[in-house]
Amino acid sequence: MGRGGSHAAPAAASPPWHALPDEVWEHAFSFLPADSDRGAAAAACRSWLRAERRSRRRLVIANCYAASPQDAVDRFPSVRAVEVKGKPHFADFGLVPPGWGAAAAPWVAAAADGWPLLEELSFKRMYVTDDCLEMIAASFRNFQVLRLVSCEGFSTSGLAAIAAGCRNVRELDLQENEIEDCSIHWLSLFPESFTSLVTLNFSCLEGDVDITVLERLVTRCRNLKTLKLNNAIPLDKLASLLRKAPQIVELGTGRFSADYHLDLFSKLAAAFAGCKSLRRLSGAWDAVPEYLPAFYCVCEGLTSLNLSYATVRGPELVKFISRCKNLQLLWVMDLIEDHGLAAVASSCNKLQELRVFPSAPFDAAEQVSLTERGLVDVSASCPMLESVLYFCRRMTNEALITIAKNRPNFTCFRLCIIEPHTPDYITHQPLDAGFSAIVESCKGLRRLSVSGLLTDRVFRSIGAHADRLEMLSIAFAGNSDLGLHYILSGCKSLKKLEIRDCPFGDKPLLANAAKLETMRSLWMSSCSLTLGACRQLARKMPRLSVEVMNDPRRACPLDSLTDESHVETLYVYRTIAGPRSDTPACVQIV
Amino acid sequence: MGEAAEGSKTLHNWMGEPRPGDQDDEDKTLQLSLGLPGGGGGGGWTTPGREKGNHSVAGSSMLSLGYSNAAPFSPCSQGKAKGSPAASTGHALASTHNASQTRSPNAPVIGWPPVRTFRRNLATSSRASLDHQKGKMAAKPEEATKRAPFVKINMDGIPIGRKIDLNALDCYENLSLAVDKLFRGLHAAQQDPLAAGTRECPQESVAISGLLDGTGEYTLVYEDYEGDRVLVGDVPWGMFVSSVKRLRVLKTSDLSSSVSTSSQHPAYADPAFRFLTSHNPCS
């Protein structure tokens, strides 16, 4: 190990670099932004390992089963902020049965024991109970941030425990959780002396909220920057809340509908006029078009607009969005239609992220005029556009090739053509050429979802060109094992691969077994896998956990199944924790 | 089929050329290579000849644009060719044990399109609120817009809410029975926590009745999209289903003036009044 080459240090002038005290290295490591860089530093030598792990403050456990809670606590004793993610992504769409796992309780228990100074806890797609929340409230004297995303298993009783017990909580951020409403007025359990709230997001809560209590809370928390309301707040109350919190930076309006009355409109417009710092806006569920102009005075300052649950449509919608000249993020329903996106393209040139969601995903008869045209327009006119999620019903290779040429700077491209196997609607060809163009042009692409009619050819392109790709989602695509082989033998940076309903079988899986240990996880459902291959994979790769599930409603009798039997769902992930012990009956670890 | 004979044990890339170096022995024994999948059975691959740029149907290249050797995999789509030339070949990859092949062709595909549950309910209820905006609400109760099937229902005094499938019921009478069935056990448990432990005496729990006519200890109310609370039972069933957002079972004695009837009559709490309105339970 060199000591800096030709510059030999004069004796006693300064210590050799590897004898510097830990604090120096800890300070140096604090400048490393990415956890992966810190991890690499820790692997260099023992003293760096010691210095790095003792000074690590933020920890992300991207798969709660990759390591045990005790492993995490032992290795990183000084952590102040933890994020743990549980179920695989396809759980969002109902492909993972209830009771599958991802319980937060072991993590909370280990944290309570090993990280008493913990300040931030974030759970995503995990099963969080009221007991967990009560334990959090009781265990961390300086607890400040609780973020729960796509979780379930808890109720407003748990929230009450947090409100009552966490004296210093700054952020309570509940995103898209299933929360049981126990009709407990949890908001009123924040003590009168409590003023430290900076973020309050209860938009996913279904129940009623005591508005008077909310108003008092908002009034005394002068540092409140983010407020996201639920369905229970009527429009006139929204106006009065805004008057009490004009310093707000991010607002979720919850509902935005009422019969049109001029005085209510004026009240709203005046309230918004007072919010000079408002930058991010969401909600507007059930928005009534006549009320949209109330937003006009904040449009100029908005950088983020999330109307993805807003069912409003028509000229008022387009006029409103077109006024938001500084928009960087726009999430909207396909009710905006192509002409609306054309207006966005010409008005919102700073756009970086666009998501267009389907208003009628299950109803083919519901025709909304949103096609490939809208996406082409936006990608042509918005030079900073780098992230797209787009649901539509038709696409052409030509459109995709044009988009690829215009926007080589995509980092995330997710296209969902709603009907499986839909070809180019003009040429009737598969969309291989279009998606190939995307991966060839967008060298920085990190996330890709493909759809429509696709053959193995597109996977050859993806495997060969998508060097930075970290997450790939495939559905109803490909025509042979070759497709999967191209992906697993290429895609140098692949971390997460999720596949459903593709004709991929055992051979490419086994041929690329080693690849799976370089990835976080692989999901394959409704493909052509047999149990024998899964058994072989598990034998060959002891550091992978190979989980199979056939019928989510029945126990999986693994021992009685032959090697030839079909595997409906395979979920493989690398782990240092060995096989988990909390599988439900329908899931078996091979 | 060229120099890459069947007996070859080296891994070939798609051009039929041997792959550079680092394949371990185990990989080589798997004999992976390219070729038409249909012939080999079991989804295997076979070794290719040299790429001759030959894109004929019978040619070795399976990768020519527009021609896929196997039909699209999911049986769901076999009925709807969508102009894919592959549909004419008709046969999916040979895997005889694929459970998804037993799916009926027109069965809804689980988890597709990939939208979250929040968004599913929005899709159906958004049409209800869209119509609301256009004032079509009162028009055609029998063609009521399809409602999200499960509506939340809470009962006074019971912390756990339930969900009820209105599409599975067809009249108020059945709704009342369903509510009784849902909450009777929980209600009895609330009254006497000790009884909850024993399963032997279900017949001792008291039926929850009189929900619709004000005669019972509890009354059924609902909240509509405007946030108003309305007594259940006044409007035709279809109209009710399309406008109800959630249900509540309230103590009759607690009914306050925040609850209204569709006709805004102040005598809502008077049991006699309920009999006077023309109320056909199973219209």
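All figures in this text were calculated on a predicted structure; none of them were measured in a lab. (Residues numbered from 1 in each chain as written. Chains lettered and ligands numbered in written order. Predicted model: local features only at pLDDT ≥ 70, side-chain atom pairs only at ≥ 80, totals over all residues. Heavy atoms only, no water.)

A. Representation of the overall build of chain A. Across its full length, chain A carries 21 helices and 23 strands. Here chain A has a C-alpha radius of gyration of 26 Å; the compact-globule value for 590 residues is 25 Å, and the two agree. Overall size of chain A, expressed as C-alpha extent along the three principal axes, is 70 × 70 × 65 Å. In chain A, which comprises 590 residues, the proportion classed as buried is 59%. Here chain A has roughly 22,400 Å² of accessible surface; of this, 52% comes from carbon and sulfur atoms. (Helix = DSSP H or I, 4+ residues; strand = E, 2+ residues; numbered from the N terminus. Rg over C-alpha atoms; globule rule 2.2 N^0.38 Å. Buried < 20%, exposed > 50% of the residue type's maximum accessible area, 1.4 Å probe, protein only. Areas by Shrake-Rupley, 256 points an atom, 1.4 Å probe, with all protein chains shown as cover.)

B. Quick look at the overall build of chain B. Across its full length, chain B carries 6 helices and 6 strands. Taken from N to C terminus, the helices and strands of chain B fall in the order α-α-α-β-β-α-β-β-α-β-β-α. When each of the 283 residues of chain B is scored for burial, the buried share is 43%. Long-range pairs, those at least 24 residues apart, make up 55% of the contacts in chain B between residues at least 6 apart in sequence. (Contact = heavy atoms within 4.5 Å.)

C. Region of the structure containing the nonpolar core. Counting 202 residues, the largest nonpolar core has F123(A), L200(A), F320(A), I321(A), F413(A), I462(A) and L497(A) as its most contacted members. With near-sequence residues (within four places) excluded, L497(A) lies in contact with L472(A), I474(A), L484(A), I487(A), L488(A), M519(A), S521(A), L522(A) and W523(A). (Core = buried A, V, L, I, M, F, W, Y, C linked by side-chain atoms within 4.5 Å.)

D. View of unusual backbone geometry. With an omega of -5 degrees, the peptide bond running from W112(B) to P113(B) counts as cis. If you trace the backbone, P113(B) turns up in the loop between α2 (37–40) and α3 (117–133). Although it is not a glycine, H421(A) adopts a positive phi angle of roughly 65 degrees. The residue H421(A) is located in the loop between β16 (412–417) and α16 (432–441) in this model. Taking relative accessible area as the criterion, H421(A) reaches 5% and is therefore assigned buried.

E. Highlighting the pairing of strand β2 (residues 81–85) of chain A. Residues and elements named next belong to chain A. Inspection of the sheet shows strand β1 (residues 58–61) paired to β2 by 4 bridges, in the parallel sense. Note that in β2 the partner of I61 across the bridge is V84. For the handedness criterion, the β-α-β arrangement of β1, helix α4 (residues 69–75) and β2 is classed as right-handed. Here β2 pairs with strand β3 (residues 120–124) via 5 bridges, running parallel. The partner of V82 across the bridge, within β3, is L121. (Pairing = 2+ DSSP bridges. Right-handed = clockwise from strand over helix to strand, strands pointing away.)

F. Geometry of the packing of helix α13 (residues 337–347) of chain A against helix α14 (residues 372–381) of chain A. Residue and element names in this part refer to chain A. The interhelical angle for the contact between α13 and α14, taken along N-to-C directions, is 0 degrees, at an axis separation of 8 Å. By the angle class used here, α13 and α14 are roughly parallel. Contacts between α13 and α14 involve D338, L341, A342 and A345 from the former and R373, G374, L375, D377, V378 and S381 from the latter. (Axes fitted to C-alpha atoms, helices over the stretch in contact; angles between N-to-C directions. Parallel < 35°, antiparallel > 145°, perpendicular 65-115°, else oblique.)

G. Fine view of the side chain of S304(A). Tracing the chain through its elements places S304(A) in strand β12 (residues 304–306). Residues contacting S304(A), with those up to four places away along its chain left out, are R279(A), R280(A), L281(A), L327(A) and L329(A).

H. Here's a closer look at the pattern of salt bridges. Residue and element names in this part refer to chain A. One pass over the full model with this rule turns up 37 salt bridges over all chains. Between R147 and E171 there is a salt bridge; the shortest N-O distance is 3.3 Å. Of the two residues, R147 sits in strand β4 (residues 145–149) while E171 sits in strand β6 (residues 171–175), which places them 24 residues apart along the sequence. A residue is classified by how much of its surface remains accessible, and R147, at 26% relative accessible area, is partly exposed. With a relative accessible area of 16%, E171 lands in the buried category. Among the charged side chains, a network of salt bridges with common partners joins D35, R38, E52 and R56. (Salt bridge = Lys/Arg side-chain N within 4 Å of Asp/Glu carboxyl O.)

I. Highlighting the UniProt feature "domain: COI1 F-box" (unreviewed entry) in chain A. In the numbering used here, UniProt assigns the feature "domain: COI1 F-box" (unreviewed entry) to residues 20–57 of chain A. Taken end to end, residues 20–57 of chain A is 68% helix and 0% strand, and its two terminal C-alpha atoms sit 21 Å from one another. (UniProt positions renumbered as here; feature names shortened; annotations may be inferred.)

J. Quick look at the side chain of R220(A). Residues and elements named next belong to chain A. Along the chain, the position of R220 falls in helix α8 (residues 211–220). For R220, the side chain forms a polar contact with the main-chain oxygen of F194, separated by 2.9 Å. Aside from chain neighbours lying at most four places away, what touches R220 is F190, P191, E192, F194 and T195. (Polar contact = N/O pair within 3.5 Å; in protein donor to acceptor, adjacent residues only side chain to side chain.)

K. Seen up close, the environment of A105(A). Residues and elements named next belong to chain A. Here A105 lies in helix α5 (residues 105–114). Residue class for A105 comes out partly exposed when judged on its relative accessible area of 37%. Along the chain, A105 and M126 lie 21 residues apart, while their C-alpha atoms are 9.7 Å from each other.

L. Molecular detail of the packing of aromatic side chains. Residue and element names in this part refer to chain A. Tallied over the full model, the rule gives 30 aromatic pairs over all chains. Aromatic side chains F295 and F320 sit 5.1 Å apart centroid to centroid with 25 degrees between the ring planes, which places their arrangement in the stacked category. In this pair, F295 sits in the loop between β11 (280–282) and α11 (296–299) while F320 sits in helix α12 (residues 315–322), placing the two residues 25 residues apart along the sequence. According to the relative accessible area criterion, F295 is buried, its value standing at 1%. Residue F320 is classed as buried on the basis of its relative accessible area, which comes to 0%. Their ring planes at 80 degrees and their centres at 5.8 Å tell us that F459 and F504 sit as a pair that is edge-to-face. Pair noted here: F459 is in helix α17 (residues 456–465) and F504 is in the loop between β19 (496–500) and α19 (506–511), with a separation of 45 residues, a long-range link. (Phe/Tyr/Trp six-rings, centres within 6.5 Å; stacked < 30°, edge-to-face > 60°.)

M. Broad picture of the confidence of the model for chain B. All names here are of chain B. Mean pLDDT over chain B stands at 57; residues scoring 70 or higher make up 35%. Within the model, pLDDT remains below 50 along residues 132–148, and this stretch shows 32 contacts once partners closer than five positions in the same chain are excluded. Counted against residues more than four places away or in other chains, residues 262–283, with its pLDDT under 50, gives 32 contacts. Model confidence for the complex: the whole-complex pTM is 0.73, and ipTM, which rates the interface, is 0.87. (pLDDT = per-residue confidence, 0-100.)

N. Inspection of the packing of helix α9 (residues 235–244) of chain A against helix α10 (residues 262–273) of chain A at higher detail. Residue and element names in this part refer to chain A. It is the contact of α9 with α10, at a shortest axis distance of 9 Å, that shows an interaxial angle of 25 degrees. By the angle between their axes, α9 is roughly parallel relative to α10. Between α9 and α10 the crossing geometry is left-handed. Judged by residue contacts, L235, D236, L238, A239, L242 and R243 of α9 engage L264, K267, L268, A271 and F272 from α10. (Left-handed = near helix turned anticlockwise from the far one by under 90°.)

O. Inspection of the UniProt feature "domain: Transport inhibitor response" (unreviewed entry) in chain A at higher detail. According to UniProt, the positions carrying the feature "domain: Transport inhibitor response" (unreviewed entry) are residues 77–123 of chain A. Across residues 77–123 of chain A one finds 21% helix and 19% strand; the C-alpha atoms that close the span lie 19 Å apart.

P. View of the environment of L317(A). Residue and element names in this part refer to chain A. Residue placement: L317 occurs in helix α12. With 264 residues separating them along the chain, L317 and S581 place their C-alpha atoms 51 Å apart. Ignoring sequence-local partners within four residues, the contact set of L317 consists of L292, L307, V312 and I336.

Q. Structural view of the environment of C166(A). Residues and elements named next belong to chain A. You can see C166 is positioned in the loop between α7 (156–165) and β6. Note on C166: relative accessible area 3%, which makes it buried. Sequence-distant contacts of C166, that is, excluding residues within four places in its chain, are made with A137, F143, A161 and F194.

R. Local environment of the state of the cysteines. A complete count under the given rule lists 0 disulfides over all chains for this structure. C416(A) takes part in no disulfide bond, and the closest cysteine sulfur to it belongs to C392(A), at a distance of 8.0 Å. (Disulfide = S-S within 2.5 Å.)

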